[in-house]
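Commentary on secondary and tertiary structure
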Amino acid sequence: ALYRDELFRYELALPPEATQRRAPEQRATATELIEAQRVALAHALPGPAREILAPLLDEVNGPLLRDPAKRISLLLLGDCLMNEIRCFLSGRVREDDVAVRGYHLYFSGALSVPFDAVPARYLANRQAIDIVGFSPFTFDGLPLFRELLIRAEDGNIDEKSVESVLNVVAGIFGEIRSLTDAPVLLHNACGAPVGKDRAALTSLPPLTASGRAAIGMLNAGLASRAAGWDRVVVVDETRIARRFGLRRLSGSAIPGGPVPAALFHTSRLGRELAEVYWEFADSQIRFGHIRMLVVDLDGTLWSGVMAEGAVDHFTERQELLSDIARQGMVLVALSKGSPDSVRWGELRISQQDFAAVHRTWGAKEDGLRRLTREFNVRAEHIAVIDDSPAERELLRSAFPGLATFDPADPRTWRRATRLRAFPCGGRGTRRASGCGRA
């Protein structure tokens, strides 16, 4: 992951023959860089070593040479932790035929580099942003955070100090929201790093019981405020720290000795957080472009056939779909059966949550074609959740570009859950009206 990230991290000099084909300020492509590597290896290595290393390098380079099926754009706001997330995320998603473009705007309390909204505004005006990552604390993002921990050691921790830090975070979030409607992954604080890296990478005081108490107060206040902010998901670093251990997460993700000085540090925390980002990136890819969500009823929102008697309800699915509909998603029921066989009073979702209920004995293909005309929406902006593999296949064949999902697959509902954090109707660039909260 680090190697792949490095290929795109620096402006690289082009060979003379390449500069004749394009403007000198342009970067070399991955294909050109990798071909240059092959030439260099052929000259630098003896035959046996070259025969061993060349296939291994080709395997590592393979995902870089494929044109990705999907692309996703991130705006990353924070200190060096965001470098790590971008690095490990880029390597992770390439295996799934996805390319990530991570725009990192750096601010750091340790280096006295304040947050600056001007470059963020410039990027948002030029590039559609799918997801924003905002890490105000880890490792040492804000001077007030450092002062909070110092005051805690002196026994001066109070709600006023915590509120001062949260007011700064709220101000930055307000600036983010003026730039983009994209979902924001907002990090709380876990106390990383600890050990020798704390002094080497930050200006934070040693983490003690008083510091942990201050972080607990800060995280509680952050969660309370974020509950009232649009399309925010709190990335719970403390939960990750409890799972893996704070000291282990603070250590290097690269085993076997120190990383060369020219490369930035890469902690295990950055690697674990990259997985969290991938979950949201995957949901954005699967559902971020969807404008109409079509769901089956029997076997999808409850187990069994309601017309035949009692059924077991999937209440969490029903409540989730109700939330999504109230946020502005066009929710439609497309199911075989008699319309009067649905006992709406048993459900956690009401008939009014559906923009349309198409329940007949006719072919679902005909029903979906009627719905696309009625709501003036193309197939590539529709997702169907249906428990029948045969029905999903028939619909995919009839409507190229249609996305279909199996309700028995837990990933379907995890992805749908994150729709609460997405702006209604797809990618976020400018603020839109009528969308709900995460």
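Residues numbered from 1 in each chain as written. Predicted model: local features only at pLDDT ≥ 70, side-chain atom pairs only at ≥ 80, totals over all residues. Heavy atoms only, no water.

1. Quick notes on the overall build of the chain
In terms of helices and strands, the chain carries 17 helices and twelve strands. By residue count, 49% of the 438 residues in the chain fall in the buried class. For the chain, the proportion of contacts with a sequence separation of at least 24, taken over those separated by at least 6, is 75%. If you sum the accessible surface of the chain, you get close to 20600 Å²; carbon and sulfur atoms cover 53% of it. (Helix = DSSP H or I, 4+ residues; strand = E, 2+ residues; numbered from the N terminus. Buried < 20%, exposed > 50% of the residue type's maximum accessible area, 1.4 Å probe, protein only. Contact = heavy atoms within 4.5 Å. Areas by Shrake-Rupley, 256 points an atom, 1.4 Å probe, with all protein chains shown as cover.)

2. Concerning the sheet that holds strand E10 (residues 356–360)
Strands in a sheet are paired, the pairing made by backbone hydrogen bonds, and the direction either parallel or antiparallel. What the five strands build is an open sheet, ordered E10-E9-E6-E11-E12; its pairing is parallel. Across the chains shown, the open sheet's two edge strands, defined by having one partner strand only, are E10 and strand E12 (403–405). The average angle at which neighbouring strand axes cross in this sheet is 20°, direction not considered. One ladder, built from four bridges, connects strand E6 (residues 292–295) with strand E9 (residues 330–336); its direction is parallel. Bridge pairing in E9 links Val294 to Val332. (Pairing = 2+ DSSP bridges. Axes fitted to C-alpha atoms, helices over the stretch in contact; angles between N-to-C directions.)

3. A look at the nonpolar core
Core analysis: the biggest nonpolar cluster contains 75 residues, and Leu77, Phe134, Phe137, Phe145 and Leu186 have the highest contact counts within it. Per-element accounting of this core gives the leading share, nine residues, to helix H13 (residues 268–287). Leave out the neighbours within four places in its chain, and Phe137 touches Leu142, Phe145, Val165, Val169, His187, Asn188, Ala189, Leu218 and Leu222. Residues Leu301, Trp302, Met306 and Ala416 belong to the second largest nonpolar core, which totals 29 residues. (Core = buried A, V, L, I, M, F, W, Y, C linked by side-chain atoms within 4.5 Å.)

4. Looking at the sheet that holds strand E1 (residues 70–78)
Strand order in the open sheet formed by five strands is E2-E1-E3-E4-E5, with parallel pairing between adjacent strands. Each edge of the open sheet carries a strand with a single partner, namely strand E2 (98–106) and strand E5 (232–235). Put simply, the sheet's adjacent strands are angled 20° from each other on average, direction ignored. Sheet strands touched by helix H5 (residues 80–94): E1, E2, strand E3 (131–134) and strand E4 (184–187). Its angle to E2, the strand with the most contacts, is close to 175°.

5. Details of the packing of aromatic side chains
Throughout the structure, instances matching the rule amount to six aromatic pairs. Ring geometry for Phe173 versus Trp229: centroids 4.6 Å apart, planes at 10°, classification stacked. Residue Phe173 is located in helix H8 (residues 159–179), and its partner Trp229 is located in the loop between helix H10 (209–226) and E5; the two are separated by 56 residues in the primary sequence. Taken individually, Phe173 and Trp229 each receive the classification buried, so the pair is uniform in this respect. (Phe/Tyr/Trp six-rings, centres within 6.5 Å; stacked < 30°, edge-to-face > 60°.)

6. Describing H13
Here H13 contains 20 residues, and its C-alpha end-to-end distance of 29 Å stays within 8% of the 28 Å for a straight helix at 1.5 Å per residue. The buried fraction of H13 is high, at 15 of 20 residues. (Expected span 1.5 Å × (residues − 1).)

7. Digging into the pattern of salt bridges
Taken as a whole and assessed by the stated rule, the structure comprises 22 salt bridges. Because the salt bridges share partners, they merge into one network encompassing Glu35, Arg38 and Asp58. (Salt bridge = Lys/Arg side-chain N within 4 Å of Asp/Glu carboxyl O.)

8. Section: unusual backbone geometry
Note that the residue after Thr138, namely Phe139, is joined by a cis bond; omega there is -5°. Summarising the element assignment, Phe139 is placed in the loop between E3 and helix H7 (143–153). Note the cis peptide between Ala192 and Pro193, where omega equals -5°. Locating Pro193 in the fold gives a position in the loop between E4 and helix H9 (196–201). The phi torsion at Ser112 lies on the positive side, around 55°, for a residue other than glycine. Within the fold, Ser112 resides in the loop between E2 and helix H6 (117–126).

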